[in-house]
Amino acid sequence: MKYMTINNRKVAFDDEKNVLSVIRKSGIDLPTFCYHSELSTYGACRMCVVEDDRGKVFASCSETPREGMVIYTNTPRLQHHRKMILELLLASHCRDCTTCRKNGVCTLQKLAQQLGVSYVRFENNKPQLPLDESSDCIVRDPNKCILCGDCVRTCDEIQGLGVLDFAFRGARMQVMPAFNKDLAKTDCVGCGQCRAVCPTGAITIKQNIRPVWEAVADKDIRVIVQIAPAVRVAVGDKFGIPKGENSLGKLAAALRRMGFDEIYDTNFGADLTVMEESEELLERLESGDNLPLFTSCCPGWVKFCENKYPGLREHISTCRSPQQMFGAVLKEEARMDKEEKRKTVVVSIMPCTAKKAEIRRPEHKTDGEQDVDYVLTTTEVTRMIKEAGIDLAQMPSEALDMPFGLSSGAGAIFGVTGGVTEAVLRRLVGSSRQEDLEDISFTGVRGIEGIKEATVALGEREVKIAVVNGLKCADELMGKIQSGELYYDFVEVMACRRGCITGGGQPVPIGARTKKARLEALYKIDTVAQIKLSNENPIIQTLYRGLLKGKEHKLLHNER
Ligand code: HC0
Ligand code: SF4
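About the thresholds
Going along each chain's sequence as written, the residues are numbered from 1 onward. To read the labels, note that chains go from A and ligands from 1, taken in the order they are written. It should be noted that, the model being predicted, local features are given only for residues of pLDDT at least 70 and side-chain atom pairs only at 80 or more, the latter also being counted only at that level, while totals for whole chains, interfaces and linings use all residues. UniProt positions are given in the numbering used here, feature names are shortened, and annotations may be inferred rather than shown by experiment. Nearness is defined per residue: the C-beta atom, placed using the backbone, must lie within 6 Å of the molecule or strand. Strands are runs of DSSP state E lasting at least two residues, helices are runs of H or I lasting at least four, and both sets are numbered from the N terminus onward. Under the scheme applied here, ten amino acids are nonpolar (Ala, Val, Leu, Ile, Met, Phe, Trp, Tyr, Cys and Pro), four are charged (Asp, Glu, Lys and Arg), and all others, including Gly, are polar. Residue ranges assigned to the domains are those given by an automatic or database domain assignment. We call two strands paired when DSSP finds no fewer than two bridges between them. For helices, the axis comes from a line fit to the C-alpha atoms of the stretch in contact; other axes are also lines fit to C-alpha atoms, and the angle between any two N-to-C directions lies between 0 and 180 degrees. Residue pairs are scored as contacts if the distance between their C-beta atoms, which are placed from the backbone, is within 7 Å. To sort residues by burial, count the other C-beta atoms lying within 10 Å of each one's C-beta; a count of 20 or more means buried, 12 or fewer means exposed, and anything in between means partly exposed. C-beta atoms are built from the backbone. Note: crossing handedness is left-handed where the near helix turns anticlockwise from the far helix by less than a right angle, and right-handed where it turns clockwise. Throughout, right-handed denotes a crossover for which the path from the first strand over the helix to the second runs clockwise when the strands point away from the viewer. As used here, a nonpolar core is made of buried Ala, Val, Leu, Ile, Met, Phe, Trp, Tyr and Cys residues. They are joined through C-beta atoms within 7 Å.

Under an unreviewed UniProt entry, the chain has the name 2Fe-2S iron-sulfur cluster binding domain-containing protein and belongs to Extibacter muris. The Sequence similarities (unreviewed entry) field of the UniProt record for the chain holds the comment "Belongs to the complex I 75 kDa subunit family." Its UniProt record, at the heading Subcellular location (unreviewed entry), says of the chain: "Membrane".

In structure tokens form, the structure reads like this:
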């Protein structure tokens, strides 16, 4: 153990990678715009400056901790320095805080208030730049960018895409896609991970709140809502509910009071996906065609694979994602119900911005009609609940509607990377005995590593599996699969690290403790679930015997 002195207090440190981490570990929340522990250190914002005993001022994020260091974090000189940075940032910032989407969760706004910046001496004489609203998933407002580079490094270092970068120099510097192309014309997959780290309103979620309120208010429209696995463990974040707490029952109660007609669970859709995807895997193992089978649940990953590895497109499962399977079933049911005179609108509540693009893909229309009409992210639904004057924390816990409110634990764990694989393996192994479930969970499919590998015995055969977190890791793996260096039978990729719990539409910030709480909460839902296997869900069985009979392919699969 080594020691340094921070503000006259002796502080122990070990293998922290920089002085900033030691300071934060000691309980002092030094502000930063450009520091994220999972990204490379950029050292540009200078908010984390500290002063040493010789009066040297330096950025604590870029300094290695040394034995015997003596530092101060809040001297008058540092206070002046930080305030000046904030004032200069605000001077060239569009200051429409009251109407900004990030109002209340903007780091610039929060720090200006926290550090007492009450007046800006300089005029903003920068020309107003146009917004990029071309993407279905996110909106870019360059007028609110503070050039911290968090989005640039996230898209490059985590997703390996490099869609965004710095352009021009000095006062003209901006963040933009190459040649300032519209996002919709780039390789952007809509994952929203850049939005999740953006400290201001420069990258925000494309909003679908208005049309949903209008549909809810229309008596001639029946609005059905489905709630994704990862939403329930994050929607409580802005209501003071403990991080990770399962708020599904409270969310159902709030949605009813807001006027939604029927409330169902995307976990039911996940159960359907397990049924179809496990069959597809068996068929491909049998025929040997198009192995490995790639999961198709994550739209960011699907788009990435289509863009970058078109030659491996046939490997993507033909199964629709749980959102899309469920949407197609709900719309088909509405078409079959001759008593129902209202128009049916299906709304999904998702942790993911890319799901907004998934619903608009041409293959996700049945008989010319979109299977899911609108996607609201967890963040948008949080806003709607607040608009309705509802405090989620005070809601009673209510059950979802039947029949599609019933789902298995296997459906719940879809929200974490590895969950799809684990759920499919459960179905293929076909046992709900505790020891067998544990054996599957210990194969290596759980955990937060970038690439996880597992080998599972299915009958006579050993099935080789890879589970991938984040598109940069996917890119690494795909290169090796394409060249023949690696072989797998089944590959699950989630574009967001740790899966949908960290999706680009989730409430931010998503720190290490929040990630852990959400992950553990989803596994806990599975642990206490009475039904563990998707095929044991009685409503799934009824559906296959009824509505789905002869229509499995039409409603649950994409043509490839
Ligand atoms: Fe997910 Fe899904 S698990 S992608 O992360 O497969 O968004 O939560 O809804 O569709 O079920 C997101 C989450 C879903 C889908 C499911 C899958
Ligand atoms: Fe990159 Fe994802 Fe942001 Fe698109 S949405 S720019 S792919 S991080």
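Trainee: Just to check I follow, could you spell out the site of ligand 2 for this structure?
Mentor: Close contacts around ligand 2 come from 14 residues, with C155, V163, C188, C191 and C194 the closest. Of all the secondary structure elements, the ones that give two or more residues to the shell around ligand 2 are α4 (150–158) and α5 (193–197). Of the residues contributing to the shell around ligand 2, the split by class is nine nonpolar, five polar and no charged.

Trainee: I keep staring at the domain arrangement of the chain and nothing clicks. Help me out?
Mentor: Each assigned domain of the chain is listed here: domain 1 (2–74), domain 2 (88–205) and domain 3 (210–556). Domain 1 and domain 3 are separated by 41 Å when their C-alpha centres are compared.

Trainee: Help me understand the site of ligand 1 in this model?
Mentor: Within the structure, ligand 1 sits among 21 residues, and A228, A230, C297, C352 and C500 are positioned closest to it. Within the residue set of the shell around ligand 1, elements represented by two or more residues are α8 (266–287) and α10 (322–336). When residues in the shell around ligand 1 are grouped by element, the largest group, three residues, is from α8.

Trainee: Teacher, can you tell me more about the sheet that holds strand β11 (residues 262–265) here?
Mentor: What links the strands of a sheet is backbone hydrogen bonding, and the strands pair in either a parallel or an antiparallel sense. Taken together, four strands build an open sheet; the order of strands is β11-β10-β13-β16 and the sheet is parallel. With one partner strand each, in any of the chains shown, β11 and β16 (374–377) form the two edges of the open sheet. Taking each pair of neighbouring strands and ignoring which way they run, the sheet shows an average axis angle of 25°. Sheet topology places strand β10 (residues 221–227) next to strand β13 (residues 343–350); seven bridges connect them, and they run parallel. Residue V225 lies in a different strand from β13, and its bridge partner there is V347. Sheet strands touched by α8: β10, β11 and β13. Its angle to β11, the strand with the most contacts, is close to 45°.

Trainee: I'm lost on the UniProt feature "domain: 4Fe-4S His(Cys)3-ligated-type" (unreviewed entry) in the chain in this one. Help?
Mentor: In this numbering, the UniProt entry assigns the feature "domain: 4Fe-4S His(Cys)3-ligated-type" (unreviewed entry) to residues 77–116. Structurally, residues 77–116 is divided into 57% helix and 0% strand, and its ends, taken at the C-alpha atoms, are 15 Å apart.

Trainee: Please clarify how the pairing of strand β17 (residues 451–458) should be interpreted in this entry.
Mentor: Across eight bridges, the pairing between β17 and strand β18 (residues 461–469) is antiparallel. Residue pairing for β18: T455 is matched across the bridge by K464.

Trainee: Whenever I open this one, helix α7 (residues 248–258) confuses me. Can you help?
Mentor: Residues spaced three or four apart along an α-helix point in a common direction, a consequence of the helix completing one turn every 3.6 residues. Regarding α7, the residues found buried are L248, K250, L251, A252, A253, A254 and L255. Where α7 is buried, its residues contact β10, β11 and α12 (378–387). Downstream of α7 by a residue or two, G259 has a phi angle that is positive, lying close to 110°.

Trainee: Would you mind showing me how to read the environment of E398 here?
Mentor: Residue position: E398 is located in the loop between α12 and α13 (409–412). A C-alpha to C-alpha distance of 52 Å links E398 and Y3, two positions 395 residues apart in sequence.

Trainee: Could you clarify how one ought to interpret the packing of α8 against helix α14 (residues 419–429) in this entry?
Mentor: Angle between the axes and distance between the axes: these two values describe a pair of packed helices. For the pair α8 and α14, the least separation of the axes is 9 Å and the interaxial angle reads 65°. The handedness of the crossing between α8 and α14 is right-handed. From α8, A270, V274, E277, S278 and L281 reach across to α14, where they touch A423, V424, R427 and L428.

Trainee: In this structure, what is going on with the pairing of β18? I would like to understand it.
Mentor: Hairpin connection, β17 to β18: the antiparallel pair is bridged by two residues, and G459 has positive phi, about 60°. Across five bridges, the pairing between β18 and strand β19 (residues 490–494) is parallel. Looking across to β19, one finds that I465 is bridged to F490. The parallel pair β18 and β19, bridged by helix α16 (residues 471–483), forms a crossover whose chirality is right-handed.

Trainee: Looking at this structure, I do not really get the sheet that holds strand β2 (residues 9–13). What am I missing?
Mentor: One open sheet accounts for five strands, arranged β2-β1-β5-β3-β4; its pairing is mixed. Edge strands, defined here as strands with exactly one partner in the open sheet, are β2 and β4 (57–59). Taking each pair of neighbouring strands and ignoring which way they run, the sheet shows an average axis angle of 40°. Taken together, the three bridges between strand β3 (residues 49–52) and β4 define a ladder with antiparallel strand orientation. Looking at the pairing, V50 lines up with F58 of β4. Against the sheet, helix α2 (residues 76–91) contacts β3 and β4, and its axis sits at roughly 160° relative to β3.

Trainee: Please clarify how the nonpolar core should be interpreted in this entry.
Mentor: As a rule of thumb, soluble globular proteins bury nonpolar side chains together. If you look at the biggest cluster of nonpolar residues, it comprises 158 residues, and the most contacted ones within it are C151, V225, W301, A474, A495 and L522. Residues contacting L522, with those up to four places away along its chain left out, are P229, V233, A412, I413, G415, V416 and I501.

Trainee: It is not clear to me how the environment of G288 should be interpreted in this structure. Could you clarify?
Mentor: Examined against the element boundaries, G288 turns out to sit in the loop between α8 and β12 (293–294). A tally of 8 C-beta atoms within 10 Å means that G288 is categorised as exposed. Residues G288 and A495, 207 residues apart in the sequence, show an inter-C-alpha distance of 27 Å.

Trainee: Explain the environment of Q174 here, please?
Mentor: With respect to the element layout, Q174 can be found in strand β8 (residues 174–177). Q174 sits in the partly exposed class, given 13 other C-beta atoms within 10 Å. Considering only alpha carbons, one finds Q174 and L147, 27 residues apart in sequence, at a separation of 6.9 Å. Apart from the residues lying within four places of it in its own chain, the contact partners of Q174 are P142, C145, A167 and F168.

Trainee: For this particular structure, what's the right way to read unusual backbone geometry?
Mentor: Residue P292 is bonded to the preceding L291 through a cis peptide linkage, with omega at 0°. Tracing the sequence through the fold places P292 in the loop between α8 and β12. Residue M402 is joined to P403 through a cis peptide bond whose omega torsion reads 10°. For R46, which is not a glycine, the phi torsion comes out positive at approximately 65°. Following the sequence through the fold, R46 ends up in the loop between α1 (19–25) and β3. Backbone geometry at F168 places phi at a positive 65°, although glycine is not the residue there. Structurally, F168 can be placed in the loop between β7 (164–167) and β8. Given 9 C-beta atoms within a 10 Å radius, F168 is considered exposed.

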